[in-house]
Amino acid sequence: MTDPDEGRSTSRWWFVVATVVIAALVVASGALVASLVSTASPEADPAPATEAPDPERPLPENQPAPEHAGPNPTSCEQIYSEEMYSYLTGTGMPLNDQSVAENVGSYDPELIAVINGIEHLDCSWGFAGDYGLTTSVTRVNADAVKTVHERMTELGYNCHDEDGGTRCLTSATEAGNRYGESHFVRDGLWLATAWVNFAPEGYTPDIVQTLWPDTAPQP
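For clarity, every value in this text was computed on a predicted model and none was experimentally measured.

1. Focus: the state of the cysteines
No. 1: Scanning the model with the defined rule gives two disulfides in all.
No. 2: Across the disulfide, Cys 76 is cross-linked to Cys 123 (sulfur-sulfur distance 2.1 Å). Torsion about the S-S bond of the Cys 76 and Cys 123 cystine: about -105°, corresponding to left-handed handedness. Of this pair, Cys 76 sits in the loop between α1 (4–40) and α2 (82–90) while Cys 123 sits in strand β1 (residues 120–125); the two residues are 47 residues apart in sequence, bridging distant segments of the chain.

2. As for the nonpolar core
No. 1: The biggest cluster of nonpolar side chains holds 21 residues, and the ones touching the most others in it are Ile 79, Tyr 80, Leu 191 and Tyr 203.
No. 2: Elements with a minimum of two residues in this core: α2, β1, β2 (132–139), β6 (189–196) and α5 (203–211).
No. 3: The element contributing the most residues to this core is α5, with four residues.
No. 4: Discounting residues that sit within four places of it in the chain, Tyr 203 has contacts with Tyr 80, Met 84, Leu 88, Trp 125, Leu 133, Thr 135 and Thr 193.
No. 5: Core analysis: the second largest hydrophobic core is formed by 13 residues, Leu 111, Ile 115, Val 185 and Ala 192 among them.

3. Here we look at the environment of Asp 214
No. 1: Positionally, Asp 214 belongs in the segment after α5.
No. 2: Judged by its relative accessible area of 54%, Asp 214 is exposed.
No. 3: For the pair Asp 214 and Gly 164, spaced 50 residues apart in the sequence, the C-alpha separation amounts to 9.4 Å.
No. 4: Here the side chain of Asp 214 touches Arg 186 through a polar contact of 3.1 Å, side chain to side chain.

About the criteria used
- Residues numbered from 1 in each chain as written.
- Predicted model: local features only at pLDDT ≥ 70, side-chain atom pairs only at ≥ 80, totals over all residues.
- Heavy atoms only, no water.
- Disulfide = S-S within 2.5 Å.
- Helix = DSSP H or I, 4+ residues; strand = E, 2+ residues; numbered from the N terminus.
- Core = buried A, V, L, I, M, F, W, Y, C linked by side-chain atoms within 4.5 Å.
- Buried < 20%, exposed > 50% of the residue type's maximum accessible area, 1.4 Å probe, protein only.
- Contact = heavy atoms within 4.5 Å.
- Polar contact = N/O pair within 3.5 Å; in protein donor to acceptor, adjacent residues only side chain to side chain.

Encoded structure:
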């Protein structure tokens, strides 16, 4: 016959064992769940990418035009000495009369096309007819300077170095009228003068000495 105390002891022992086993299973299952959750959870959001620096920004519009290295006259009064301007106005011939508004500083169609193709300043003295002159002051780049010089050479103009630039001259007489041209190019500035029966002595040199004071005779 089994001892009741022994049975109760055995039952208690199995209860303890079962409790330990169940506790171990709970811990193990918890660790497994945690592992699964960790594995299944999405990766942490990546750090926001650093925004690439903007490329160099273009200059804003409406920037002022760069200053020219050489003279840049904007009115006819600025290209003459006081003496020459006084002489020209004293002749009674008007400055930039509308009757000669289309005139520029050359008679050659190709040179006229170059002048008209670029912004320029025209200074005309006289009326339409056979007496007066027109000077065009034109800012030209190296390519235009080459084109102009080659054309003048082709036409047989007398060109030579003068006052730090290039001077070209031509003249002729036709039907009793004396006409001609005087050109000077320096520092990207082209002074083109076409005249008929009116070629004041020292006209182009006066403009050159006014715009480039370093060419003026020293006292």
